[in-house]
Amino acid sequence: MASTNLYRLSSTVDKPYLLSPHPPHKHLSLPSKTLQKPPFHLTYKPSFKIQSKNPLADFFPESEPIPVDPNLSFIDDDDKPREECGVVGIYGDPEASRLCYLALHALQHRGQEGAGIVSVNNNVLQSVTGVGLVSDVFNESKLDQLKGDSAIGHVRYSTAGSSMLKNVQPFVAGYRFGSVGVAHNGNLVNYRALRATLEDDGSIFNTSSDTEVVLHLIAISKARPFFLRIVDACEKLKGAYSMVFITEDKLVAVRDPFGFRPLVMGRRSNGAVVFASETCALDLIEATYEREVYPGEVLIVDKDGVQSLCLMSHPEPKSCIFEHIYFALPNSVVFGRSVYESRHAFGEILATEAPVDCDVVIAVPDSGVVAALGYAAKAGVAFQQGLIRSHYVGRTFIEPSQKIRDFGVKLKLSPVRAVLEGKRVVVVDDSIVRGTTSSKIVRLIKEAGAKEVHMRIASPPIIASCFYGVDTPSSEELISNRLSVEEIREYIGSDSLAFLPFDSLKKLLGSDSPNFCYACFSGKYPVQPTEVKVKSIGDFVDDGLNGSIELIDGGWVQGPRNKEMQKVSGSL
């Protein structure tokens, strides 16, 4: 199901024309450290010209509920944290929406349940959003509706429910000075407080997404010009946000002062500027990676080029370490580091610090593969494909009347008996969340004839929920928060179990170590959560429109509190 909407603007846009071809950039080498911070103000000249005025106001469109087949059951046996979003922004390319579509394909792993693109053409913000994979939402006719030389896009992960379509981004809103579209990756920890304040002042919300708060803050801001409204709004936000905004004549990218979620900038050979959550999206559309959007930075792209402004003085960066452990694709460069090299090193550390006599090393595909390669190389043992993953299983299935044990896992993973039978097997996975899937995988491998099964986990134990844009279970559901390593080993049924040592992880990161967020491993939060929504994976439908906010508290987990925070919470 897809939704198409138009948002009329009052100004006119000239057709783009090339002043001079932008010289191609060489790919930067992949340093082990984060790139240096930019000067306060940078200017680049793109190869196009656009003239425009302020747009007219418009409003959120309404979305129809999504019908749910009562014969289908919901399946989520991955037992993994879920990255909730991926974003793309393109300015200055006549095929912006089609390039955005391809870039979203490259970011599909960051969200599989909704996708959308907003483009600007002849001063109309054109929006197509829908539920499902990028290939489900868009086709030739949909992309033909999204003309123009600038566009933003979004892929989303969420729990299932009738309210999903209206929460699919990018959002587009009108206010008295113009219209704006936004795509957001992250999570705001002060969302409830901001929403309550806005609603007290008369704001009406159409979605249950924290991103809508940003649009309301932009609308009520008194700052001029427009991009300063974004700065004004962001100064009120707490938590994680990597966002791209689009208007009739500008593309704006902004990243929170802690830099929790990734956002990179690249450029195509025709001078078009591209923003994306990962460099893999740049690679697909032949854009050269230039650098990250730095924590606390606002980048404004318009006819005058690219301007860099400091959003606010920012503390020590706290980038999400799980991007390197699980979320990002191995071919991406995230936070200035190669994801492939990081995961390979995690496997090498496990082989060094938790060795075991074995005949074969296998991975839980796909996220455990690179770490398994590192383990096998360091241990001097052959890596083989002992588990084959089916990439054609969705998140719904028709279950047989006679129950099949471990049905969900068996749908997705098939053991290779020729690799496993009679062998001492090391199984490398990226993480253990609730432990339910790990226990099924161990049983699956032993049923295929393995003599021993040794689990090696390429991350430290996860003991706390994420509040910065990752959908994780509550802390009570996290097995490492309740059980010791030995107790977890007994629960999953493996012959041995070892996690990546926390200290070894930080040692590997070297001088960059203080710049990462380890809250899921330590419970120490850079931005203290007091009201954040943490969805239990797959079992909570966040509607937000039916009834009062208290009625959906089943989907909220209270974070650590102190007296001052209790006063704030109590005043809502």
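Please refer to the structure placed before this passage.
Residues numbered from 1 in each chain as written. Predicted model: local features only at pLDDT ≥ 70, side-chain atom pairs only at ≥ 80, totals over all residues. Heavy atoms only, no water.

Asks: I tried to follow the packing of helix α9 (residues 339-353) against helix α10 (residues 369-379) on my own but got confused; where do I start?
Replies: Describing two packed helices takes the angle between their axes plus the distance from one axis to the other. At their nearest, the axes of α9 and α10 sit 6 Å apart, and the two run at 45 degrees to each other. Considered as vectors, α9 and α10 are oriented oblique to each other. Here α9 runs over α10; the crossing is right-handed. Contacts from Tyr340, Arg343, His344, Gly347, Glu348, Leu350, Ala351 and Thr352 of α9 reach α10 at Val370, Ala371, Leu373, Gly374, Tyr375, Ala377, Lys378 and Ala379. (Axes fitted to C-alpha atoms, helices over the stretch in contact; angles between N-to-C directions. Helix = DSSP H or I, 4+ residues; strand = E, 2+ residues; numbered from the N terminus. Parallel < 35°, antiparallel > 145°, perpendicular 65-115°, else oblique. Left-handed = near helix turned anticlockwise from the far one by under 90°. Contact = heavy atoms within 4.5 Å.)

Asks: Explain the nonpolar core to me, please; I cannot follow it from the model alone.
Replies: Where a protein is soluble and globular, its nonpolar side chains tend to be buried together. Of all hydrophobic cores here, the largest spans 48 residues; its most connected members are Ile321, Phe322, Val361, Tyr468, Leu505 and Phe521. Those elements that place two or more of their residues in this core are α8 (322-327), α9, β21 (360-363), α10, β25 (424-429), α16 (502-509), β29 (516-517) and α17 (519-522). Take this core: its biggest share by element is five residues, from α9. Among the nonpolar cores identified, the runner-up in size contains 31 residues, and Leu194, Leu217, Ile218 and Phe245 belong to it. (Core = buried A, V, L, I, M, F, W, Y, C linked by side-chain atoms within 4.5 Å. Buried < 20%, exposed > 50% of the residue type's maximum accessible area, 1.4 Å probe, protein only.)

Asks: Can you help me understand the pattern of salt bridges in this one?
Replies: Two side chains that carry opposite charge are able to pair once their charged atoms sit near each other. Throughout the structure, instances matching the rule amount to 20 salt bridges. Between Arg195 and Glu199 there is a salt bridge; the shortest N-O distance is 3.1 Å. Here Arg195 pairs with Glu199, and both are found in helix α4 (residues 191-200), just four residues apart, close to one helical turn. With relative accessibility at 7%, the residue Arg195 sits in the buried group. A salt bridge links Asp512 to Arg337; the shortest N-O distance between them is 3.5 Å. Of the two residues, Asp512 is situated in the loop between α16 and β29 and Arg337 in strand β20 (residues 337-338); the sequence distance between them amounts to 175 residues. Owing to a relative accessible area of 5%, Asp512 belongs among the buried residues under this scheme. Linked through salt bridges whose partners overlap, the residues forming this network are Arg110, Arg261, Glu278 and Glu323. (Salt bridge = Lys/Arg side-chain N within 4 Å of Asp/Glu carboxyl O.)

Asks: What's the story with the pairing of strand β28 (residues 496-499) in this structure? I'm lost.
Replies: Here is the key point about a regular strand: its side chains alternate between the two faces of the sheet. Side chains Ser496 and Ala498 project from β28 onto one buried face, and the interleaved Leu497 and Phe499 project onto a second face that is buried too. As paired elements, strand β26 (residues 452-457) and β28 share four bridges and run parallel to each other. The partner of Ile457 across the bridge, within β28, is Phe499. (Pairing = 2+ DSSP bridges.)

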